[in-house]
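Working through the structure, step by step
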Amino acid sequence: QVQLVESGGGLVQPGGSLRLSCAASGRTYGRYTMGWFRQGPGKEREFVAVIYWSGDSTYSADSVKGRFTISRDNAKNTVYLQMNSLKPEDTAVYYCAASLLFRAVVPGDYAYWGQGTQVTVSS
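Scoring rules and cut-offs
- Residues numbered from 1 in each chain as written.
- Predicted model: local features only at pLDDT ≥ 70, side-chain atom pairs only at ≥ 80, totals over all residues.
- Heavy atoms only, no water.
- Phe/Tyr/Trp six-rings, centres within 6.5 Å; stacked < 30°, edge-to-face > 60°.
- Lys NZ or Arg CZ within 6 Å of the ring centre and 35° of its normal.
- Pairing = 2+ DSSP bridges.
- Helix = DSSP H or I, 4+ residues; strand = E, 2+ residues; numbered from the N terminus.
- Axes fitted to C-alpha atoms, helices over the stretch in contact; angles between N-to-C directions.

Two aromatic rings, taken as a pair, are described by how far apart their centres are and by the angle between their planes. Going through the model one piece at a time under the given rule, you end up with eight aromatic pairs. Through a chain of ring-to-ring contacts, three or more aromatic side chains come together here, namely Phe37, Phe47, Tyr59, Tyr95, Tyr110 and Trp113. The ring of Tyr95 carries the charged tip of Arg45 above its face, separated from the ring centre by 3.8 Å. Just above the ring of Trp113 sits the side chain of Arg45; from NZ or CZ to the centre is 4.8 Å.

In structure tokens:
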């Protein structure tokens, strides 16, 4: 069992940066693949980025590649999403999630979800 709590969302101007954090609790956190998803207004939840339990392998959606970076600190039970060069189309509720699968890029692959944090990119 893993409990996830996201933080770090907010309002930012286009071109700005934010860092989201996801604090996890649960004794087996370190063995989970961790992912970030987002859901914009009127849209389906979409994959953003994933990091495998060892932390040395990541994968990002094409829409955020080169702008967003996922990382994790297993000693702190925390996964991060550094978001740079933000665009209005990045506006969404961002969720972190935990999966026991090695390759997990769709919502159905994830067993545990946080409550989400709102990111709004607007001038």
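The next point concerns the sheet that holds strand E8 (residues 78–83). A sheet is described by the order of its strands in space; here four strands give the open sequence E1-E3-E8-E7, paired in antiparallel fashion. With partners counted over all chains shown, the strands left at the sheet margins are strand E1 (3–7) and strand E7 (68–73), one partner each. Along the sheet, successive strands turn relative to each other by an average axial angle of 15°, direction set aside. The pairing of E7 with E8 spans six bridges and is antiparallel.

This is a description of form; function is not addressed.
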